[in-house]
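Structural overview
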Amino acid sequence: MATFFSTAAFAQSDLDLDKAVKVGTGKIMVIEFTDPDCPYCRKAEAYFQKRNDVTRYIFFIPLAKHPASKGKVQYILSASDKVKAMREVTSDDFDTKKLSQITVKGKKLQKEHEEIARANKMTSTPTFVIYGRIVEGFDLKKLEPLLK
């Protein structure tokens, strides 16, 4: 069962949706905390790519168990087209040599994403917030009722 989440906590100034990677223009808002090297996050990415009824606001949490993730997040957040870079990074054939395109701004934004996650007590990926409810993990039985 999805846990209830106080929307007041997400109204804090530390959750700045302008810092998130915005994907889509659908009427259902999904706030997502993800790691590009998390296999369940990749499954969630593939699932959400097939939906046009959601707008996702993605914050990245590079987990310690995925050591290459931090650089990939910085690469995504350095890109002018962050959605394209995110899809590139989450594909199985990503070329790590492209990480040379990391910018100071991308590194700063990556740290801000981690601070936002920490301030909102987000520690696992993927984690979704939909209509004020938290769903940890890519669990379609919990997600799909909230996405209607």
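Refer to the structure printed above.
What this report covers is the structure whose coordinates are included nearby. A quick note: this is a predicted structure, and the numbers were derived from the prediction, not measured.

So, how was this worked out
- Residues numbered from 1 in each chain as written.
- Predicted model: local features only at pLDDT ≥ 70, side-chain atom pairs only at ≥ 80, totals over all residues.
- Heavy atoms only, no water.
- Helix = DSSP H or I, 4+ residues; strand = E, 2+ residues; numbered from the N terminus.
- Buried < 20%, exposed > 50% of the residue type's maximum accessible area, 1.4 Å probe, protein only.
- Contact = heavy atoms within 4.5 Å.
- Axes fitted to C-alpha atoms, helices over the stretch in contact; angles between N-to-C directions.
- Left-handed = near helix turned anticlockwise from the far one by under 90°.
- Nonpolar A, V, L, I, M, F, W, Y, C, P; charged D, E, K, R; others polar.
- Salt bridge = Lys/Arg side-chain N within 4 Å of Asp/Glu carboxyl O.

1. What about the side chain of Lys-72?
Along the chain, the position of Lys-72 falls in helix α3 (residues 69-78). When its relative accessible area of 10% is taken as the criterion, Lys-72 is described as buried. Setting aside anything within four residues of it in sequence, one finds Lys-72 in contact with Pro-36, Asp-37, Arg-42, Val-89, Phe-94 and Leu-99.

2. So, the packing of α3 against helix α5 (residues 104-119)
Running from N to C, α3 and α5 point in directions that differ by 115°, and their axes come no closer than 8 Å. α3 and α5 meet at a crossing whose hand is right-handed. The residues of α5 that touch α3, namely those facing Lys-70, Val-73, Gln-74, Leu-77 and Ser-78, are Gly-106, Lys-107, Leu-109, Gln-110 and His-113. Partitioning the contact of α3 with α5 into residue classes produces 3 nonpolar, 5 polar and 2 charged.

3. Looking at the environment of Phe-48
With respect to the secondary-structure elements, Phe-48 resides in helix α2 (residues 39-49). Using a relative accessible area of 2% as the deciding quantity, one classes Phe-48 as buried. In this structure, the C-alpha to C-alpha distance between Phe-48 and Val-23, residues 25 residues apart in sequence, is 9.4 Å. Excluding its chain neighbours within four sequence positions, the residues that come into contact with Phe-48 are Val-30, Glu-32, Val-54, Arg-56, Phe-128 and Leu-147.

4. What to know about the environment of Met-122
Topologically, Met-122 is positioned in the loop between α5 and β5 (127-130). According to the relative accessible area criterion, Met-122 is buried, its value standing at 6%. C-alpha of Met-122 to C-alpha of Glu-136: the two residues are 14 residues apart in sequence and 9.4 Å apart in space.

5. Comments concerning the pattern of salt bridges
Taken as a whole and judged by the stated rule, the model has 9 salt bridges. Among the salt bridges present, the one from Lys-72 reaches Asp-37, with a minimum N-O distance of 2.7 Å. Taken together, the residues span a long stretch of sequence, with Lys-72 in helix α3 and Asp-37 in the loop between β3 (28-34) and α2 at a distance of 35 residues. This pair shows no difference in class: Lys-72 is buried, exactly as Asp-37 is. Each of Glu-32, Glu-45, Arg-56 and Arg-87 takes part in one network of salt bridges that share partners.

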